[in-house]
Amino acid sequence: MDPHIKCYPDIGHLAFGPKGKIVISTFIYLQLFLLDIGFLILVGDSLAKLFPNFGYKIGGWRIEGSKAFVILSAMVVLPTTWLKSLGRLAYVSITGVFACVVVMGAVIWVGLCGGVGIHEKGSPLNLSGIPVAASIYALCFTGHGVLPTIIGSMKDRSKGSKVLTFSFITCVVAYALMSIFSYLMFGDQIKSQITLNLPVKYFSSKIAIYVVVILPLSKYALAMAPVTAAIEEIFPLCKKCAVSLSLRTMMVAITVIVALIFPFFGSMMAFIGSFLGSTIALILPCICYLKIFEGTKSGRIEKVIVMGILMIGFSIATLGTYFNVKRIMQQM
């Protein structure tokens, strides 16, 4: 790995100059912004599962269910977006691995011991759902954007490939087991969030839902920070205290508005996966690779594999985005 490459956009700069860096940075920031919208929807749906009759009035408007929790969640995380230093919140984000274990454990416990069972039957293959499924799977690997940063921060960079291989294998196995086990439990009735299928009368289910609620709230500001920082770099006026607070408040307000207009967690995540996930994880790395090693003696087999990955990425990006946008429009 080139010692001058410290992050993903640097690879774009190496391949295509400043324009390449701008393009990759734009996709990453847009993904982070949309993920914050997904966080609000996730929290709103999860809390509405626990408190289905919750609601309040704002002016003459009665707000109930998940929308009420989306607004409250935004008000809770708003002060955290005003912070310039998010070091303490960064430590909270480490609990993501713990949260995944808790949710998986709760699902397995409810399936084996909670009375749900693992005998649900459904359609083994739904061809019309492949674009959406591929999009969600692409979403699972949108962390591609931080891989160069992780490798660059390692003491021994030579072990980077082994670490990444182990991480990817672990993730693939975990995703596969969770998908298969959840389908065996709930079949075609499975919802966009597995926690919405869990019976709230069980303590393990409540723990899983609360964990799912806390984590997105702790990560909201961390995802928003790079976006607002980039805007402040482009427009120096935004670095002034009052303007910076207004900018961050406005960004939170925009995420709330979009979450209220498009409160479809599964479809939103699938769209992010198809449009941004496939681009960040599949398309852009392959294009940069082909450009950087253009005219070199890199193996033909290697280039064929890269072209194959590129075609898969374009397929998910085009077909997946089309079907996901169509799905969102049908749900409105």
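Since we're looking at a predicted model, the values are computed, not measured.

A. Spatial organisation of the overall build of the protein chain. Secondary structure assignment for the protein chain yields twelve helices and two strands. Reading the protein chain from its N terminus to its C terminus gives the helix and strand order α-α-β-β-α-α-α-α-α-α-α-α-α-α. Relative to the compact-globule value of 20 Å for 332 residues, the protein chain shows a C-alpha radius of gyration of 21 Å, a close match. Burial analysis of the protein chain (332 residues in total) assigns 42% to the buried set. Residue pairs in contact within the protein chain that sit at least 24 positions apart in sequence constitute 75% of those at least 6 positions apart. For the protein chain, the exposed surface amounts to about 18600 Å²; the carbon and sulfur share of it is 72%. The protein chain carries 27 positive and 12 negative side-chain charges, and their two centres are separated by 3 Å.

B. Representation of the nonpolar core within the structure. The biggest cluster of nonpolar side chains holds 56 residues, and the ones touching the most others in it are Val107 and Ile272. The set of elements that each furnish at least two residues to this core consists of helix H1 (8–16), helix H2 (18–50), helix H3 (65–81), helix H5 (96–113), helix H8 (160–186), helix H9 (203–234), helix H10 (241–261) and helix H11 (265–292). For this core, the element with the highest residue contribution is H2, accounting for eleven residues. Among residues more than four places away in sequence, those in contact with Ile272 are Gln31, Leu34, Leu35, Leu139 and Gly277. By size, the runner-up hydrophobic cluster in this structure holds seven residues, among which are Val43, Leu47, Ile209 and Val213.

C. Up close: H8. In a regular helix each residue adds 1.5 Å, so 27 residues correspond to 39 Å; H8 covers 39 Å between its end C-alpha atoms and thus fits that length. Gly187 sits one or two residues past H8 and shows a positive phi near 60°.

D. Examining the packing of aromatic side chains more closely. Within the structure shown, the criterion is met by eight aromatic pairs. Pairing Phe51 with Phe69 gives two aromatic rings, centres 6.3 Å apart and planes at 40°, and the pair type is tilted. A residue pair is termed long-range when its members are at least 10 positions apart, and Phe51 in the loop between H2 and strand E1 (55–58) and Phe69 in helix H3 qualify at 18 residues. Ring plane angle 70° and centroid distance 5.8 Å describe the contact between Phe54 and Tyr56, whose orientation is recorded as edge-to-face. The partly exposed category is assigned to Phe54, whose relative accessible area is 30%. Counting every residue linked through ring pairs, the aromatic cluster contains Phe51, Phe54, Tyr56 and Phe69.

E. Representation of the pairing of E1 within the structure. The pairing of E1 with strand E2 (residues 61–64) spans four bridges and is antiparallel. Bridging across to E2, Lys57 finds its partner in Arg62. In this antiparallel pair of consecutive strands, E1 and E2, the connection spans two residues, and Gly59 shows a positive phi of 70°.

F. Main features of a nonpolar patch on the surface. Residues Ile108, Leu112, Ile118, Ile180 and Leu184 make up a contiguous nonpolar surface patch of about 430 Å² in total accessible area. Inspection of the secondary structure puts Ile180 in helix H8. Judged by its relative accessible area of 51%, Ile180 falls in the exposed class.

Basis of the calculations
- Residues numbered from 1 in each chain as written.
- Predicted model: local features only at pLDDT ≥ 70, side-chain atom pairs only at ≥ 80, totals over all residues.
- Heavy atoms only, no water.
- Helix = DSSP H or I, 4+ residues; strand = E, 2+ residues; numbered from the N terminus.
- Rg over C-alpha atoms; globule rule 2.2 N^0.38 Å.
- Buried < 20%, exposed > 50% of the residue type's maximum accessible area, 1.4 Å probe, protein only.
- Contact = heavy atoms within 4.5 Å.
- Areas by Shrake-Rupley, 256 points an atom, 1.4 Å probe, with all protein chains shown as cover.
- Lys, Arg positive; Asp, Glu negative; His and termini not counted.
- Charge placed at Lys NZ, Arg CZ, Asp CG, Glu CD.
- Core = buried A, V, L, I, M, F, W, Y, C linked by side-chain atoms within 4.5 Å.
- Expected span 1.5 Å × (residues − 1).
- Phe/Tyr/Trp six-rings, centres within 6.5 Å; stacked < 30°, edge-to-face > 60°.
- Pairing = 2+ DSSP bridges.
- Patch = residues over 30% accessible without salt bridge, like charges linked within 9 Å, V, L, I, M, F, W, Y side chains within 5 Å.
- Salt bridge = Lys/Arg side-chain N within 4 Å of Asp/Glu carboxyl O.

Any functional reading would require information beyond the geometric quantities listed.
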